[in-house]
Structures are given as structure tokens and as C-alpha cells.
Amino acid sequence: MRRPLLPVVVDAGPPAGFDGKLTPGEALRDRFARSIRYLRVSVTDRCNFACTYCVPDDGVEHKRKAELCTFEELERIVAVFADLGVRRLRLTGGEPTVRAGFVELVARLRRVPGIGEVVMTTNGHRLAELAGPLAAAGLAGANVSIDTLDPTRFAELTSGGDLARVVDGIDAASAAGLAIKLNAVALAGVNEHELAALCEFAWQRGLVMRFIEHMPLSSGDLYSARRELSASTIRAAVSEVFGLLEPSPVDRGIAGPARYWRLAARPEREFGIISAMTEHFCAACNRVRLTADGQLHACLGHDDAVSLRDVVRNGGRDDDLRRAIAWSVQGKREGHEFQRSGEGAPTKHMIAMGG
Ligand code: SAM
Ligand code: SF4
């Protein structure tokens, strides 16, 4: 049986004492003094790949087109976030480039007053053809997923992806002037012996490789302790090949979740680790996520969500949207509980959340 793509909407709601104050900036500061500066927008729950760590074996039930936010609805929601101090948007999916009119959507969101940067996360399959138009539309950069350099393993892991095509996409995007970072989910028994080679692949192109610790979503169904590679194991594997590592002090603007390391002997050679599991960064989290059907999730690790699409479709004014956003941010949990299984563990799927 196919599972619902998203759980029933749960509204965690704000804590006692929330007075609905909507001062710009303040509205996006949560109970733990974290300021939200960064919105991730999933523009589709569909994908042209089906990565084994992202999509459950029995598939997912996709939203109907009418359930997805329209471009106008997205513009409106993004404009309210910009008014509240969000400057940076990351478009994701599923696979963002399969949304019809994606280039136009980038151009429209880039023009929203206050939005200073629009970037995306992509599997790279359509990047060779879209890099130029996306750069012209104002896209600043792309994080491209590439988990392995072995074409057969790549096809297995992604359920049919073509590695050569993705590599062409990476090179085309760099040539088009997009700022590119590479992402690989680090998986024991899958790509653990390729971590150094993946770094080398990135460095040869003047890029940075980032390794993502595997996160258990879907009630832990996709989680297997045997698959996990911890941040310290990743560092050890890179260090074994390239020698001593040191933390990289590079300032990357609005901080993302990655912590960066560099080779002590070649400081220009850096890599990042996104270690949500073993060295989590919840205390510094500065982001919230909007799903393709307009649910605002303040934390990836919980099912709580507030439907901004419904606020819009029920005739809400911008003030109502601000209030709903502030409500969600005030209800943002202190941290994820990915390690917990069963009741209370998130039941949503990564493909619906966009990472
Ligand atoms: N389709 C695009 C892509 O693959 O880059 C964007 C969406 S994808 C869900 C965003 C990121 O989440 C990708 O880098 C992917 O590798 C990562 N991801 C997916 N499932 C994951 C999991 N279970 N644990 C950690 N990262 C995961
Ligand atoms: Fe698709 Fe990205 Fe998930 Fe892979 S990780 S199935 S490319 S959404």
C-alpha cells in the first residue's frame, strides 16, 4: 500500500504567553533565541530519481496539482517572509527542476522585494540544459547531489540516474557562473570507500564536497544503524588519505548546517559535513521549510506544521500570514528527536521535505 506523502497536519502552536506580536525580525525569533533567516521551499513532491535513502520502497502518494501552491501563492508567502526578515531562499523538491515553469518561478521569486538570494538543491539531471536559463533568471547557486562516482552504483542508488549526465550538469552550471556545492549522503557499505575520491572530484573542479549524515525519516523505516557513517568516521576516512585536518574558518554568509574542514597541508582544499545526527546543530538552526502544498514545518525532525496555503486560500490577509508564520516559529521545537523511534518520531518523508 502506498503511504501518504505527509502526515496529518499537526499544529504544535505557540507556547503559553505568545502574544501574537509581529515586529519584523522579532516575529522570526523563536523561544530559544534562534533567528530565522532562511526559508527552504519545496516546489514539487515529485522526482525523476528515487534514491533509496529518500523514497520508501513502496513509494509515496503524491499531492494532486490542485493541492500544490501556485506561483502566485508562493510569491505571496515568500513576500511575507521577506517582510519579516528572510533574505535567502533555497528551492528544493522532490526535484525542483521537474516543476513545470521552474525557470520562470526562479525569476519571479528573485524579484520579490527583500529577497537577496535564490539558490536550489538539485539532483543535476536537468542541469546541463537549464544552467544557462536559471543563471539568467537570477539563480545564484546550486547544491548538486552526487553520492558516488561509480556509474553502476549511481544508477542503483538513484533508481536509474545517469552519472555522466549529472557530471555534465555540474560542469555546465559552473560554466554558467552558478556557485556550486556538491552533496553526498555518506552511507556505510555504499560509498564509504569513495569519500576521498569524492573530495578529489570536487577539488579538481574548484568545488567543495559536503557529506551528509543519513537522517532517519519515515518513522525510522529508512533508517538502519548499519548504514550510518558518523561525522567522525567521515573525517577519519578523509584524513587517512589526505593527512591532518583542521577546522576551516571560512565565513559563508548566512550560515548553513555544514561545518567545514580543510587539509592542514593544503588549506585551499576544504570539505563540509552536515552532521544532523552525531554532532547536531539544532541550537544554531536558522531555517524553516515550506512543502509544495504550503505547509510550514519549523523543524525537519517533527511532524508539526501550519498550512500557509490554507491561510491564503481561505482569504487570509498578509497579517494573517504573518501571524501563522510567527505561530509556527514560536512553536519550533528545541531540537529533533531522530533517534527516537515509534510514537513522536517524524513520519514525513525526505522527498516531501526537500532535505
Ligand atoms: N532532488 C534534490 C536533490 O536530490 O538534491 C533535492 C531534494 S533532496 C531531498 C535534498 C537533499 O536531501 C539531497 O542532498 C539528498 O541527498 C538529501 N537526502 C535525502 N534523503 C536523505 C536522508 N534520509 N538523510 C540525509 N539526507 C538525505
Ligand atoms: Fe529525488 Fe533528491 Fe530524493 Fe533523490 S534525494 S529521490 S533526487 S528528491
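Residues numbered from 1 in each chain as written. Chains lettered and ligands numbered in written order. Predicted model: local features only at pLDDT ≥ 70, side-chain atom pairs only at ≥ 80, totals over all residues. Heavy atoms only, no water.

Enquirer: With reference to specific residues and values, describe the pairing of strand β8 (residues 208–213).
Expert: Here is the key point about a regular strand: its side chains alternate between the two faces of the sheet. In terms of burial, β8 is a largely internal element, six of the six residues being buried. On β8, burial covers both faces: Val208, Arg210 and Ile212 on one face and Met209, Phe211 and Glu213 on the other are all buried. The sheet contact formed by strand β7 (residues 179–186) and β8 spans six bridges and is parallel. Opposite Lys181, over in β8, you have Val208 as the bridge partner. By the bridge criterion, four bridges tie β8 to strand β11 (residues 270–274) in an arrangement that is parallel. Counted as the bridge partner of Met209 is Phe271 from β11. (Buried < 20%, exposed > 50% of the residue type's maximum accessible area, 1.4 Å probe, protein only. Helix = DSSP H or I, 4+ residues; strand = E, 2+ residues; numbered from the N terminus. Pairing = 2+ DSSP bridges.)

Enquirer: If you had to explain the site of ligand 2 to someone new, which residues and values would you point to?
Expert: Close to ligand 2 lie Cys47, Phe49, Ala50, Cys51, Cys54, Val55, Gly94 and Asn123. Partitioned by chemical class, the residues of the shell around ligand 2 number six nonpolar, two polar and no charged. (Near = heavy atom within 4 Å. Nonpolar A, V, L, I, M, F, W, Y, C, P; charged D, E, K, R; others polar.)

Enquirer: I'd like a description of the pattern of salt bridges, backed by residues and values.
Expert: Using the criterion set out here, one finds 22 salt bridges in the structure. Residue Asp293 is joined to Lys63 by a salt bridge in which the shortest nitrogen-to-oxygen separation is 3.6 Å. Taken together, the residues span a long stretch of sequence, with Asp293 in the loop between β12 (287–290) and β13 (295–297) and Lys63 in the loop between β3 (60–61) and α1 (71–83) at a distance of 230 residues. Each member of the pair, Asp293 as well as Lys63, carries the same accessibility label: buried. Across the salt bridge formed by Arg269 and Glu200, the nearest N and O atoms sit 3.2 Å from each other. (Salt bridge = Lys/Arg side-chain N within 4 Å of Asp/Glu carboxyl O.)

Enquirer: Tell me what's going on with the side chain of Arg309, and back it up with residues and numbers.
Expert: Along the chain, the position of Arg309 falls in helix α8 (residues 308–313). Among all residues touching Arg309, those that are not within four sequence positions of it are Glu67, Cys69, Glu73, Ile77, Asp293 and Gly294. (Contact = heavy atoms within 4.5 Å.)

Enquirer: Residue-level account of the nonpolar core, with values.
Expert: Counting residues in hydrophobic clusters, the biggest one holds 101 residues, and the most contacted among them are Leu39, Phe81, Leu182, Phe211 and Leu308. Contact partners of Phe211, with chain neighbours within four places excluded, come to Ala184, Ala186, Leu195, Leu198, Cys199, Ile234, Val238, Phe271, Gly272, Ile273 and Ile274. (Core = buried A, V, L, I, M, F, W, Y, C linked by side-chain atoms within 4.5 Å.)

Enquirer: Tell me about the site of ligand 1, residues and numbers included.
Expert: What surrounds ligand 1 is a group of 18 residues, the closest being Tyr53, Gly94, Glu95, Ser145 and Met215. One nitrogen or oxygen atom from the main chain of Tyr53 is found 3.0 Å from a nitrogen atom belonging to ligand 1. Contact between ligand 1 and Glu95: a nitrogen atom at 3.1 Å from a side-chain N or O atom of the residue. Secondary-structure elements contributing two or more residues to the shell around ligand 1 are β5 (117–122), β7 and β8. Residue composition of the shell around ligand 1, grouped by class: six nonpolar, 10 polar and two charged. (Polar contact = N/O pair within 3.5 Å; in protein donor to acceptor, adjacent residues only side chain to side chain.)

Enquirer: Report on the environment of Glu156, specifying residues and quantitative values.
Expert: Relative to the elements of secondary structure, Glu156 occurs in helix α4 (residues 151–158). According to the relative accessible area criterion, Glu156 is exposed, its value standing at 57%. For Glu156 and Ala50, which are 106 residues apart along the polypeptide, the C-alpha to C-alpha distance reads 9.5 Å.

Enquirer: An account of the environment of Thr291 is needed here, citing residue identities and associated values.
Expert: Summarising the element assignment, Thr291 is placed in the loop between β12 and β13. A relative accessible area of 1% means that Thr291 is categorised as buried. The spatial distance from the C-alpha of Thr291 to the C-alpha of Met353 is 6.0 Å, given a sequence separation of 62 residues.

Enquirer: I'd like a description of the packing of helix α6 (residues 195–204) against helix α7 (residues 231–242), backed by residues and values.
Expert: Interhelical geometry of α6 versus α7 gives an angle of 70 degrees and a closest axis separation of 8 Å. As judged from the angle between their axes, α6 and α7 are roughly perpendicular. Residue-level contacts link Leu195, Ala196, Cys199, Glu200 and Trp203 of α6 to Ile234, Ala237, Val238, Val241 and Phe242 of α7. Its residues assigned to classes, the contact of α6 with α7 comprises nine nonpolar, no polar and one charged. (Axes fitted to C-alpha atoms, helices over the stretch in contact; angles between N-to-C directions. Parallel < 35°, antiparallel > 145°, perpendicular 65-115°, else oblique.)

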